[in-house]
Every structure is written in C-alpha cells, then in structure tokens.
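As a plain string of letters, each chain reads:
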Amino acid sequence: MSSVTLPKRRDAAERPNRPGEERAPADTDSIVREFAQAMSSLKTTVWLFALTIFLIFAGTLAQTEREIWQVVHEYFRSFLVWIDFQILVPRSLFPHRPQINGGFYFPGGWSLGVLLAVNLLAAHGLRFRPQARGWRLLIGVAVITAGVFVTWLVIASGSTSDGLQSVPWVSWTALWRLYLSGLAGLVGALLFLAVKIDRQSRRERGIIILAAILLGLFVGWLVIQGDEGRLDDSSMRILWQLTKGSLAGLVLLAGCAIVFRKRGGIVLVHVGVALLMLSELLVGMTAVEAKMHLAEGQSVNFVEDSRSLELAVVDRSAKDADDVVVVPQSLVLSGETIRHPDLPFDVRIDAFFKNSALRPVQPGALNPATDGLGLQWMADEARPVSGTDTSGKVDQPAAYVTFLDKSNSASLGTRLVSLVQSVQELPEKVLVGKTPYRVYLRFQRTYKPYEVELIDVRKDDYVGTNTPRNYSSQARLIDAANGVDRTVRIWMNNPLRYAGETFYQSGYFRDSETGVESTTFQVVSNTGWMIPYVACMLVATGLLAHFSIVLFRFLRRRERNAMEDGGVVDTADSRLVGWRGSASTWKSCVLPAGLILLLGTWTATKARPPVEPADQFSLYDVGKLPVVFQGRI
C-alpha cells in the first residue's frame, strides 16, 4: 500500500503575505500580555535601578557646580533632565579638566519613579496571585484592611494639629520595662515552639533553641545593667516609632499570609518598598522647609525660605500695623518692569546677582547706584555656593533697582538692595510724596499664627576644641488663639512638633562684638514624616517572615532527602545513621572547627595583658590613662 504525505498546513501568522494581501492584525490581548510581561520582568527592574544609580551619580557630581536644592529639583523631582558632559569630568579626578560642550537628555527622578511603580504593580499582578478561596479569602482581605487602617493610624499619629513631640501613653522607663517583658515573653514562646516542633526536625529545633538562648542572654544582660542599660529618651522615641510601625507590619503580615500563604512575606516587602516610593512623592509635592532665626530674648512669628527671594516694600506710617507689599522672585528675575496697583512705585531690575560680594566704592569707579547705601558700597557678582560647600554658607543675592514714579515714569533713583542689608536691618528708603517706604531684598517669609521666643541657647563643644557636640535651645511657644503658652527644650535629634510642623535645632551663632547668642530652627512641614519608619518596619517584618519560611523549608527538604537516601532517625540519641556522605560531612566539619579553635587560642594568648616585671615601667598601665585628642577621649 502506498502512503501519501499531506502538505503541512501553515497558520496565517506563518504564511508569507502574497502580493496585494495584508496580514491580519496581531491579537490585542497578546500584545497587552507581552507588554505586561516586559514591564513585570526582573530585567526591567535591573535596568531601571541602573538608570536610577546613574541619575544619582550625575546629580551628585552636579552639586559641585550648583546649589543642592537646585540639583534636587532639576534632577530628582522632574520628569526629564539635561545632563552636561562637563559634570562627568570632575576636577577631583581630572585636575586639568578639559572643557566638553554639549550634553544629553535623561529620565528624571519622577519618570524613573513612575516606571518603577508600574514595574512593581505589574509584577504583583502577574506573579502574586491570591492562594486563598472562599471564606479564607474574605478573612484575609478583612485582616489586610484592618492592617491598612492601623498603618494609617500610625502615620496619622505623627502629624497631629497640636501638641509637642510624640510620646507614648506611659513614661519612657515604663515603656522600657514593657519592652524587656515582651522580649522575655518571646524567649518563652521560642522555647515552647522548640518543645512542640516535630522531633525529627532537629535543625529547626536547634535554630529556635539557639535564638532563644542568645535572646535570653541579651535580655539578662539588659536586666543586670539596670538604668544604665536603658536607652536614652531620644533613642526610646525612635524605638517607640519603630514599634508602632512593627505593629502595623504584623497585622498586614497576618493578612498577607492568609491570602498569599508562603508568599505573604515577600508581598509585604514589596508593599513597604511601594510605601517608601510614595513617601518621596509626598515629600516632593507637599513638604515645605524653612528657617527661623532668633536671638536670645527675641520673638518671631515668621519663617524664611532660603531658596526663594522677595522684594518687600514696607510702609510703617500706620501706628497699629505695617503695610507690606512683596514682589515674588519670579517677577524679580523676569527682567521686565514691575507694575502693580498695590505698589507705590514701579520697579525696574537693572542687574541681579544670585551671589554677590560687597566692597567699598573706589574713587572713579563706575557705580550704577545713584542714591542710598549704594553710593558707599558696590556689589560684585560671585560664584554661587555649590552643594559640596561644607562651610554652611548660602548665596548672598543683590540687585540694582530703579524705582519709577507711577504717574510719569520719572526715575526716583537707582539703589543697591542686598540680603546683607536686610539681615543687618539696613533697608533702602524711597520717599513718595510725604510717605517713606522701606525696601528689602530678603528671603521669602511665611507668617505663622503663633510666636516663638528664644529664652536661652547653648552650645556644648568637645573637650579642648571648638567643635560643637550639641546645640540646645530653651524656647517659649505662644499661640494665643489656642491658649498655648509653654516653655519647651529643643536639642539635636529631639525636635519640637507643633501644629503639623517640626522644629529642628539647626545652628548656633555668637556675635563676637556684642556677645549676643542666636540660633536657627529648621522648620519642616511634612505630614508624612512617619511613613519611612513604617515602611522600613514593613520591609523588615516581611523579610524576616520570608527568610524564616525559606530557611525552614530548605531544612525540611534536606532531612526528607536524607531519609529517602536510607537515613534512619534514632530517637534514642537523635542521630542520623546510614546517611550517605556522612563521613565526608564529618571531615568537612572537623577541619574548620579545628582551625577556628587554633586561631581562637592564638588570639586569646595575644589579647592577654602582658606580664611585666615589677621594677620596670608598665606601658600597659600607661595605655589605660584617658587621653583627649581632637575632643575625643
């Protein structure tokens, strides 16, 4: 019988197009599926991390040329950034530094953050499918919802509208004792788990017992130390915040374990990472940072933003309040004549210096100023302060301004205004009719409904040096509208939190001529300042749970394989007999143990204090004498 071979049929996707024939469009679902697979790929994650690392590298180098906040907004809080080739050849690596023109566009921090978020969500949507069904799924979702609510409560507790630094319901000493009791309870729980675990799971039991012993020794050492072993109030405050984040993490972990089973820990890790990304987004969009400068005995009800300027025109002719009109920085830098009904005159910016240096006017010098302090002082343009400047200085802007009569545009004089003059309360005075107006070029001010009075500021240096060890301020907080009048102490790592704002101890200054001491508070309005604490504890809780599951699963697999290879568990002495490869395993353990014992013995002999004759000078005893070097003992 003869056989007939039929020709192989080719699908439309494989058959080449005939002349004049169009191929059918690809399946839309397959295109979406392939795109989702690409976006959820680990390769995409690695590439995005690589691009982020390069952006951070370029932004760090850019700080050698620009101010740090300018770099933050241009590189990390933007969707697209222009990177100059010149910043990639830093002077520290290339002393002669060749000039390289040009540059290239690169994704900014916002773009990379959005892509990383999409990558994270795509990975969860494709790889982390719920493993629970029915009532178990409903219970898991309910627990996760409760965890989200607890997380929100923890975050919201850090941004109360009133009150001082967040404190627990009990004293720090009582809270420390509760921590010790909790750790002791954890030791008992580990020992109970070691007793209840299957006796054939020797490795798991050994790890649990070892963890219980180490934790028990640590708790015992803390109890023996007493009050000396307790963390100080600053550390306890941070521990309290981490504890609240851990509570939220445990509730979320329970819900994730019900829904995703063994993958619950890694799901919680991704949730923590996503929360960190959300925190940076909130900080970039809503956080406001400013400074408050006070001298001892002075009361201030405003903060200043050193990144923005304003030209302030002040009328002090009224007895009850000053009439202030400010020109924002955007109009000052526009280069156009500024006209507004609230201004008593028109303003023309003839020259603006982002950073300047004042010097006395030399005879015969070409001076743009025609009136005011500009007849005695001139401003020269200076190199802007870069982000790598460690002196703590800021730019000292200055400008030459011509004031024009609103009726006929006649010049009222060209004057020099600068930040230095504003700090020293030396405004330019412009007379319009019979009303004198004071003009300041100053940092942008924001007025508050409360006042802060500086009672005393203190600077503690390291022994024998001028290096500051600690700044602390005693201040009086006055909020008449809410009936608040209290004295507070602010020092490093112990800020004041009030009305949704945080006051950090930032600086100290003492006038060498007058001896007047002053301080600087960094005032930050950031409602999500607790998010990083919570996110870190979510990641830590998820990693601990995931690694524990993986470790015990690996150990159980090892013992199961040993049993399949002929091993028998002797319950009398709990030794594995007949395990293939036991001889080589024994040899592989003896050699490292012997080397560790030998090296440990040698180290112990070298660490032993030397025995010196009684009639000779004891260098060992001299070495125990305290020595002060650069303030360190």
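Residues numbered from 1 in each chain as written. Predicted model: local features only at pLDDT ≥ 70, side-chain atom pairs only at ≥ 80, totals over all residues. Heavy atoms only, no water.

**A closer look at the confidence of the model for the protein chain**
And step 1. Here the protein chain averages 83 in pLDDT, while 89% of its residues score no lower than 70.
And step 2. Long-range and interchain partners of residues 568-581, a stretch whose pLDDT sits below 50, account for 22 contacts in this model, where long-range means more than four residues apart. (pLDDT = per-residue confidence, 0-100. Contact = heavy atoms within 4.5 Å.)

**A short note on the packing of helix α4 (residues 109-127) against helix α9 (residues 264-286)**
And step 1. Two elements in contact, α4 and α9, have axes separated by 11 Å at closest approach and are oriented at 155°. Our classification of the angle between α4 and α9 gives roughly antiparallel. Here α4 runs over α9; the crossing is left-handed. Across the interface between the two elements, Trp110, Gly113, Leu116, Ala117, Leu120 and His124 of α4 pack against Val267, His270, Ala274, Met277, Glu280, Leu281 and Gly284 of α9.
And step 2. In terms of residue class, the contact of α4 with α9 is made up of 8 nonpolar, 4 polar and 1 charged. (Axes fitted to C-alpha atoms, helices over the stretch in contact; angles between N-to-C directions. Helix = DSSP H or I, 4+ residues; strand = E, 2+ residues; numbered from the N terminus. Parallel < 35°, antiparallel > 145°, perpendicular 65-115°, else oblique. Left-handed = near helix turned anticlockwise from the far one by under 90°. Nonpolar A, V, L, I, M, F, W, Y, C, P; charged D, E, K, R; others polar.)

**Digging into the pairing of strand β13 (residues 468-479)**
And step 1. With 10 bridges connecting them, strand β12 (residues 435-461) and β13 associate as antiparallel partners. In the sheet register, Val452 faces β13, and the bridge partner there is Leu477.
And step 2. Pairing analysis gives 8 bridges linking β13 to strand β14 (residues 484-491), with the strands arranged antiparallel. The residue bridging Ser472 from the neighbouring strand is Trp491, located in β14. (Pairing = 2+ DSSP bridges.)

**So, unusual backbone geometry**
And step 1. Unlike most non-glycine residues, Arg261 shows phi in positive territory, near 55°.
And step 2. Considering the arrangement of structural elements, one finds Arg261 in the loop between α8 (233-260) and α9.
And step 3. Here Ser409, not a glycine, exhibits a phi torsion of approximately 60°, which is positive.
And step 4. Summarising the element assignment, Ser409 is placed in the loop between β9 (398-404) and β10 (411-418).

**Side note on empty space enclosed by the protein**
And step 1. If you walk through the whole model with that rule in mind, you get 1 cavity of 30 Å³ or more.
And step 2. The computed volume of the largest cavity comes to approximately 30 Å³.
And step 3. As for the largest cavity, its lining consists of Val417, Ser418, Gln421, Ser422, Leu426, Pro427, Glu428, Val439, Tyr440 and Leu441.
And step 4. Elements with a contribution of two residues or more to the lining of the largest cavity: β10, α11 (419-423) and β12.
And step 5. Looking at which element gives the most residues to the lining of the largest cavity, the answer is β12, with 3 residues.
And step 6. Of the residues in the lining of the largest cavity, the class split is 6 nonpolar, 3 polar and 1 charged. (1 Å grid on protein atoms, 1.4 Å probe; cavity = no way out; pocket = protein on both sides within 12 Å on 5 of 7 lines; lining within 4 Å. Points joined across faces, edges and corners; volume = space filled by probe spheres on them.)

**Focus: the packing of aromatic side chains**
And step 1. Counted under the stated rule, the structure contains 16 aromatic pairs.
And step 2. Judged by centre distance (6.4 Å) and plane angle (80°), the rings of Phe104 and Phe106 are edge-to-face.
And step 3. Consider the rings of Phe353 and Tyr400, whose centres lie 6.5 Å apart with planes at 85°: the pair is edge-to-face. With Phe353 in strand β6 (residues 346-353) and Tyr400 in strand β9, this pair connects stretches of sequence that are 47 residues apart. Here Phe353 matches Tyr400 in class, with each residue buried.
And step 4. Pairwise contacts between aromatic rings join Phe54, Phe57, Phe85, Phe104 and Phe106 into one cluster. (Phe/Tyr/Trp six-rings, centres within 6.5 Å; stacked < 30°, edge-to-face > 60°. Buried < 20%, exposed > 50% of the residue type's maximum accessible area, 1.4 Å probe, protein only.)

**What to know about the environment of Val81**
And step 1. Within the secondary structure, Val81 sits in strand β1 (residues 80-84).
And step 2. For the pair Val81 and Gly109, spaced 28 residues apart in the sequence, the C-alpha separation amounts to 8.8 Å.
And step 3. Setting aside its immediate chain neighbours within four residues, Val81 contacts Leu55, Glu74, Tyr75, Phe104, Tyr105, Phe106, Pro107 and Gly108.

**Observations concerning a nonpolar patch on the surface**
And step 1. On the surface, Phe79, Leu80, Trp82, Tyr105, Val114 and Val118 cluster together into a nonpolar patch covering about 640 Å² of accessible area.
And step 2. Elements with a contribution of two residues or more to the nonpolar patch: β1 and α4.
And step 3. Position of Tyr105 among the secondary structure elements: in strand β2 (residues 103-107).
And step 4. Judged by relative accessible area, which is 59%, Tyr105 ranks as exposed. (Patch = residues over 30% accessible without salt bridge, like charges linked within 9 Å, V, L, I, M, F, W, Y side chains within 5 Å. Areas by Shrake-Rupley, 256 points an atom, 1.4 Å probe, with all protein chains shown as cover. Salt bridge = Lys/Arg side-chain N within 4 Å of Asp/Glu carboxyl O.)

**As for the pattern of salt bridges**
And step 1. Applying the stated criterion to the full structure yields 20 salt bridges.
And step 2. Note that Asp322 and Arg316 form a salt bridge whose closest N and O atoms lie 3.6 Å from each other.
And step 3. For Arg316, a relative accessible area of 41% gives the class partly exposed.
And step 4. Among the ionic contacts, a cluster of salt bridges with common partners joins Arg66, Glu74 and Asp84.

**Digging into the sheet that holds β6**
And step 1. The 3 strands lie next to each other as β6-β9-β10, forming an open sheet whose pairing is antiparallel. If you trace the sheet from one side to the other, it starts and ends with β6 and β10, each paired once. Between one strand axis and the next, the sheet turns through 20° on average, direction left out of account.
And step 2. Pairing analysis gives 7 bridges linking β6 to β9, with the strands arranged antiparallel. Within β9, the residue paired with Val347 across the bridge is Phe403.

**Quick notes on the packing of helix α1 (residues 28-39) against α4**
And step 1. One way to put it is that α1 packs onto α4 with a least axis distance of 8 Å and a crossing angle of 115°. On the basis of their axis angle, the class for α1 and α4 is roughly perpendicular. Classified by chirality, the crossing of α4 by α1 is left-handed. Only Leu115, Val118, Asn119, Ala122 and Leu126 of α4 make contact with α1, whose side of the interface consists of Ala36, Gln37 and Met39.

**Here's the deal with the side chain of Thr502**
And step 1. Residue position: Thr502 is located in strand β16 (residues 501-510).
And step 2. At 2.8 Å, the side chain of Thr502 and the side chain of Arg497 are in polar contact.
And step 3. Setting aside residues up to four positions removed in sequence, Thr502 forms contacts with Pro495, Leu496, Arg497, Gln522, Val523 and Val524. (Polar contact = N/O pair within 3.5 Å; in protein donor to acceptor, adjacent residues only side chain to side chain.)

**Observations concerning the environment of Asn482**
And step 1. The residue Asn482 is located in the loop between β13 and β14 in this model.
And step 2. Sequence separation between Asn482 and Tyr450 is 32 residues; the distance between their C-alpha atoms is 9.2 Å.
And step 3. In this structure the side chain of Asn482 is engaged in a polar contact, spanning 2.9 Å, whose partner is the side chain of Asp479.

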